[in-house]
Structures are given as structure tokens and as C-alpha cells.
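Examination of the molecular architecture
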Amino acid sequence: MSGKFLVREIAGCIDCIYKRGLLALPSDMNRAMREASNSRTVTDTDSYALLFYYSLNRLTGESAGQVILNMNSTVKKIILSSTVIAGLVVSSCGSHYEKAQVDLVPVKSGDSWGYVNLEGNYEINPQFTEADAFFKGRACVAKGDKCGYIDEKGTFVISPKYASATFFTEEGAWTVEPEGPPVLIDKDGKELLVMKEAERVWAFSEGLALVETADGKYGYIDRNGKFVIKPTFDSGHPFSDGLAWVEERYRSGYIDKNGKWVIADSVYYPKGSFINGRAIVGTYAGEEGVIDKTGKFVINPQFSGMFPDGDRFIIKVGDEWGWCDAQGKIVINPQFSAIFFTGFGDSDMAPVKIGDEWGYIDRKGKIVINPQFGLATSFIQNKWAWVTKDGKSGLIDRKGNYVVNPQFRDISMSYLASQNKDIFANTDALSVCSQYFNAEAVVEEVMKSVTQDAVYDVNFNMSIGDLMKKYGIDENRLGSYGSIQLKDFTITKDVDATLVVDGEFFELVSDGWWGMTNVLNKKAKPDKISLMLNMKGKAEGKRQQLSDAFAEKMKLKVLKDDDNYRFAEGTYGKFKVEIFEYYGGIDIRFKKK
């Protein structure tokens, strides 16, 4: 992934940690990271990596967690220890995603990425800005600031034209072109599905894909793009074991594929999706345990951190990490300051940090490869593991001997993480964010509240006194002019609105001495209702597009004034309507005919 793809992953990491309840993320920072993930001009990857590092340390503190970033020109690895590591992995899903192909390893040499075999020899020479692992015979790679897909010979089979893209699953891959919506494609690049109404889309899981809509709600679509579970939830996760972890208002829990709540308990809340019939949950006392599909505890809440690792769970006690079995019995005492997030995976050895170096333990907790590495990752097929020494990556065997000497600047995180399917399933690499401004969706949302004679329940028969009471406006806070702001609200993530009424609400009367003063006449009625739409994010610079969409919906005529400024006018119901473009948005004015 190039700079902006890295930022998308960082934003996803922060979002994931936030959803885990491990920290309260300031709304402005959350918004900034989401907007950064949509940017097409991000190139300073170190700056965003440092923002990630700084943000987490400011929000968690020394005692809560340590963030280790091994960086060159991009973030080489994100290894999180203490409470932070759980944020990346506990939200994982089941085994419905396959592993990456192991025989072609994306590596970085110098400033370019290529692919080597497990003997360290190049199969595809370094030539890409970024490179991800192979899935279904295709790998997503970047050339400059665009990404496309190559085959196992390194030939582009889908040219680099996308701003972001996922890897391929059985259903295809999600892609986003600059300023475009999420599009599902097949292995030849043929478009299968276009989701203009989506803000973000995840890979299909158990036949359904999680979708975030423009108004920030989550639902699930089938392969035809039809919402089979309506977007009513405040957050969501892909399906696993037939259930999905969702949140709705003051309730969180798990739903089935009909959208019906199956588990929603006031004592605990989800910390992860179901895997093999079990899910990690947390209590409001800050302890974590495991439930079955009936909602019954199979491991009582007792640990301050947990995440799945095959038939075990990695656990946190105090500031140290260890393992417990499926019944909650501790099998490896918590003693490690950090564990590579894929744990044992499918191997009988796991990478742990002891002191300042990384080594390997067996399933009994005995050290089998002495700590000696700058970083150690999980074993692949229980045969090989990628490690770093002096900032370079190489491959070792089960005895700790080098099969490939340390020589590469980086190894793709998607390759390493995907070797544990349970952990990889809900990472940000499985989703894309839309860059499409859906003007029609904004119009549709606004017009739900615009009738033939009222705009957001405001009409010309209402007195200003009635409106002040309705919207809780204090008379002492009013000015002495004929324009009164009733409320601010959000239409979509990219469009905010201000509802304003104008009229002769003040009368000029004697002040009882020698002067005059303005006095509010609460019986006065408005003669103009204005809806001012402020545009940001993907909507920024799209005033004409939105103005034209409203004009088309209300059958208005688009004109230009003497100064060549565009506007639209016409009638809609009992209103005379005018639309003006201004810096930052558009102003829709409703007047009496």
C-alpha cells in the first residue's frame, strides 16, 4: 500500500481500538483520521505513523500500553503490547477467510517491493511502491499512488487505477477509483456490483457484506447488493459462526442473519466476534471473559485483556501476557511484555518478547529459541518464521537457523497476519472507504423532510413565538434583525445543515425617552425558510453537483445572473424555491408563491 493506503490502515487500527472500548477517542481526531483515510494526496507516511504513535501513547499512557513502531520510510511493523494489542485482534472473525499464498512473499528492498520464494530468491523483481500478499492467484500492488492487481508472474492483469482495494475472496475484491464508489470486481476486473450508497464496505463473510452508509449506520447486503439487514446499527462487524457483533443505541450484542437479536446482555458487552462457538466479552468493571452462543459464560470475566489463539486465548494479567486454555485455566503464566499478534497460530511455537529481544516458546511456555531478534513473527506452516535483525528481515527454521539471511527492509503485514485466519478476518485490509460524493443520497435524505408546505416541520403559518418555543430559543439571545437560526444538524457525514427563518419579527418602538428600540413581535410569521447546507469531506468542491441534483429533484430551472453566478429557481408545492451556491455549500430558500 502507498502512503494513503497506510493511513487507511492506521485509521482502521485506531477505529478498532476505539470500538474495543480501550480508549475514548476524541471526535475531532477520529474524524481527522477517517478523512485522512479518504485522501488521495497523502504521501508523508512517517507523519501519520508518528500521529498514530503519539495518539495512542497520549491516550493510553505508559502503564496502559506500549506502542512499538519499527519504521523506515513507511511503518514496517505495528506491534502492540499490553492493552493496545487486543484492539487490533480481538475483533477478529471466524475461519471464513482463507490464508495468503505462502510461496510468494511480498518484501521490500530499497524503496521498492517485489516477491521472493521461501529460499529468498526473487520470483518477481522489486518494482512496486507497495505490495500485498497473494490471494486467489492475485496480489494488490501499487504503482505510484494507484493500485491494481498482478498475477503470479508479476504481470498486471488489472491495471493500477484504484485509490484503494482489498484482496480477493470467493466473491471478488472491493475497489475504489479516485472520487468513485466501492465497486466489487472479479479476477479479470469485471464489475460485479456498485455501491454508491455506501460510505465503507467490507469483504463478504458467510454470504453477507457489512456496509456503512452515508449517515453512519451499518447494515448487511447480499451478493446482489440488496440490504437483507437494514442499516440501522451504530456499528457492525462481519458475520462469523452465523452471528454478527453489532451496536444499536444503548444496546450491543449479536444478531443472526435475519437481523434478530440473539444475545444482548446488560452485564457484558462484545469484545470480539464468535469463533468456533465462542466470543470474548467485557464487563463494565473492566474484566474480560468468554461466552458461548447461548450467552452463558464458559470463562468467567477475570482477565484485563484477551484475544483468541486457536484452541487457546492470550490473556493479560497486570502488565504481562500469557495463555489460558478453552476453559480459562492458565497454561502459560503471564510473564511477557509483548507477543506478536498472531500468537501460536497453527504452530507449536509462539514469538514473545523477553527483555529487549524476541524469541520463541513452546506450548508449555519453555523457551525453544533464545531471545535474539529485533522482532519475531509466527511460524508459517510450522516450518519457517520471518524475523528481523538490525533492521533487516530474514527467514529462520524451527531451530532458529537462518534459511534466508536478514536482507529485506520489510515484509508485508497482510502476508504475516493472514497466516492466522481468525485474526486477519476483521482487519482494515478487508474494507474500502468510498471516495464518491453521493449527491442524490443527500437530496433524498433532505427531501424526506420537505413537503408541499413545510420544511423540517416549519411553515409560514407558525409564529416566531411558536418556533422559539419549539426549538428552545431564548429571546435574550436573539439579535435585533430579521434572521433567526433555529437549529444545526447533520444530513450525512459530508453535509451539515442550518435551518433559518427570515421575516419582520421586530418592530421599531419608542424607548420612552428620546430614542427608538427594536421589540420582538412573537406573533409575527416568517416569510422565508432557508436550508443552508455546509459541504465538507468528499462533498467539498461539489456545490454545482449538489445544486443540480436538488434542481432536478424539484424540477427547478438552472440559470446564471448578470455576474455569471449560477442559481436555480422555480416552484415546489406551495413554495417559490431558489438555490444559490456560496463558498462552502449551497443555500436553498423557500418563499411564499
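As a reminder, the structure under discussion sits directly above these lines.
Let us look at the structure shown here. Only a predicted model underlies this, so the values are computations on that prediction, with no experimental measurement involved.

**Focus: the overall build of the chain**
Summing up its helical and strand segments, the chain has 9 helices and 48 strands in all. Residue burial in the chain is summarised as follows: out of 593 residues, 57% are buried. As displayed, the chain has an accessible area near 25700 Å², and 45% of this comes from carbon and sulfur atoms.

**Looking at the nonpolar core**
Leu499, Leu533, Leu546, Phe550, Met554 and Ile588 are the most contacted members of the largest nonpolar core, which totals 49 residues. Considering each element in turn, this core owes the most residues, 5 residues, to helix H7 (residues 439-447). Not counting residues within four places of it along the chain, the set of residues in contact with phenylalanine 550 comprises Val442, Val443, Val446, Met447, Leu533, Ile579, Ile586 and Ile588. Residues Val102, Phe341, Met349 and Trp358 belong to the second largest nonpolar core, which totals 35 residues.

**Here we look at the sheet that holds strand E32 (residues 357-362)**
Taken together, the 4 strands give an open sheet; going across it, the order is E30-E31-E32-E33, and neighbouring strands pair in antiparallel fashion. For this open sheet the edge positions go to strand E30 (338-339) and strand E33 (367-373), each flanked by a neighbour on one side alone. With 6 bridges joining them, strand E31 (residues 349-354) and E32 adopt antiparallel strand pairing. Bridge assignment links methionine 349 to a residue of E32, and that residue is aspartate 362.

**A word on the environment of lysine 399**
By secondary structure assignment, the location of lysine 399 is in the loop between strand E36 (392-396) and strand E37 (402-408). Linking lysine 399 and isoleucine 369, residues 30 residues apart in sequence, is a C-alpha distance of 6.8 Å.

**Comments concerning the pattern of salt bridges**
Within the structure shown, the criterion is met by 22 salt bridges. With a shortest N-O distance of 4.0 Å, aspartate 188 and arginine 138 are connected by a salt bridge. Highlighted residues: aspartate 188 in the loop between strand E12 (182-185) and strand E13 (191-194) and arginine 138 in strand E7 (residues 138-143), separated in sequence by 50 residues. According to the relative accessible area criterion, aspartate 188 is exposed, its value standing at 64%.

**Details of the sheet that holds E36**
Spatially, 4 strands are ordered E34-E35-E36-E37 in an open sheet, and the strand pairing comes out antiparallel. Each of the sheet's edge strands pairs with one partner strand only, and the pair in question is strand E34 (375-376) and E37. As defined by bridge partners, E36 adjoins E37 across 3 bridges and the pair is classed as antiparallel. In the strand pairing of E37, isoleucine 396 is matched with tyrosine 402.

**Re the pairing of strand E25 (residues 297-303)**
Successive residues of a regular strand alternate their side chains across the two faces of the sheet. Of the pairings in the sheet, the one linking strand E24 (residues 288-291) to E25 comprises 3 bridges and is antiparallel in character. Bridged to valine 290 within E25 is isoleucine 299. Between the antiparallel neighbours E24 and E25 lie 5 residues, among them glycine 295 with a positive phi of about 85°.

**Quick notes on the environment of glutamine 435**
For glutamine 435, the position within the fold is in the loop between strand E39 (431-433) and H7. Residue classification places glutamine 435 among the buried positions, given a relative accessible area of 7%. For the pair glutamine 435 and serine 164, spaced 271 residues apart in the sequence, the C-alpha separation amounts to 9.6 Å. For glutamine 435, the side chain forms a polar contact with the main-chain nitrogen of glutamate 179, separated by 3.1 Å.

**Thoughts on the packing of aromatic side chains**
Going through the model one piece at a time under the given rule, you end up with 24 aromatic pairs. With centroids separated by 5.3 Å and ring planes inclined at 70°, the aromatic side chains of phenylalanine 575 and phenylalanine 590 adopt a geometry described as edge-to-face. Within this pair, whereas phenylalanine 575 is found in strand E47 (residues 575-582), its partner phenylalanine 590 is found in strand E48 (residues 585-592), the two being separated by 15 residues in sequence. Using a relative accessible area of 2% as the deciding quantity, one classes phenylalanine 590 as buried. Every member of this aromatic cluster is reached through a ring pair, and the members are Tyr122, Trp386 and Phe408. The lysine or arginine in question, arginine 312, covers the ring of phenylalanine 344, its NZ or CZ lying 5.6 Å from the ring centre.

**A few points about a negative patch on the surface**
The grouping of Asp103, Glu119, Glu123 and Glu152 at the surface amounts to a negative patch. With respect to the element layout, glutamate 119 can be found in the loop between strand E4 (112-116) and strand E5 (122-128).

**Quick look at the packing of H7 against helix H9 (residues 543-553)**
How two helices pack is summed up by the angle between their axes together with the distance between the axes. Running from N to C, H7 and H9 cross one another at 50°; their axes reach a closest spacing of 9 Å. In terms of orientation, H7 and H9 fall into the oblique class. Seen along the crossing, H7 lies across H9 with a hand that is right-handed. Mapping the contact onto sequence places Ala439, Val442, Val443, Val446 and Met447 in H7 and Gln545, Leu546, Ala549, Phe550 and Lys553 in H9. By residue class, the composition of the contact of H7 with H9 is 8 nonpolar, 1 polar and 1 charged.

Rules used throughout
Residues numbered from 1 in each chain as written. Predicted model: local features only at pLDDT ≥ 70, side-chain atom pairs only at ≥ 80, totals over all residues. Heavy atoms only, no water. Helix = DSSP H or I, 4+ residues; strand = E, 2+ residues; numbered from the N terminus. Buried < 20%, exposed > 50% of the residue type's maximum accessible area, 1.4 Å probe, protein only. Areas by Shrake-Rupley, 256 points an atom, 1.4 Å probe, with all protein chains shown as cover. Core = buried A, V, L, I, M, F, W, Y, C linked by side-chain atoms within 4.5 Å. Contact = heavy atoms within 4.5 Å. Pairing = 2+ DSSP bridges. Salt bridge = Lys/Arg side-chain N within 4 Å of Asp/Glu carboxyl O. Polar contact = N/O pair within 3.5 Å; in protein donor to acceptor, adjacent residues only side chain to side chain. Phe/Tyr/Trp six-rings, centres within 6.5 Å; stacked < 30°, edge-to-face > 60°. Lys NZ or Arg CZ within 6 Å of the ring centre and 35° of its normal. Patch = residues over 30% accessible without salt bridge, like charges linked within 9 Å, V, L, I, M, F, W, Y side chains within 5 Å. Lys, Arg positive; Asp, Glu negative; His and termini not counted. Charge placed at Lys NZ, Arg CZ, Asp CG, Glu CD. Axes fitted to C-alpha atoms, helices over the stretch in contact; angles between N-to-C directions. Parallel < 35°, antiparallel > 145°, perpendicular 65-115°, else oblique. Left-handed = near helix turned anticlockwise from the far one by under 90°. Nonpolar A, V, L, I, M, F, W, Y, C, P; charged D, E, K, R; others polar.

By themselves, these are just geometric observations and shouldn't be taken as functional.
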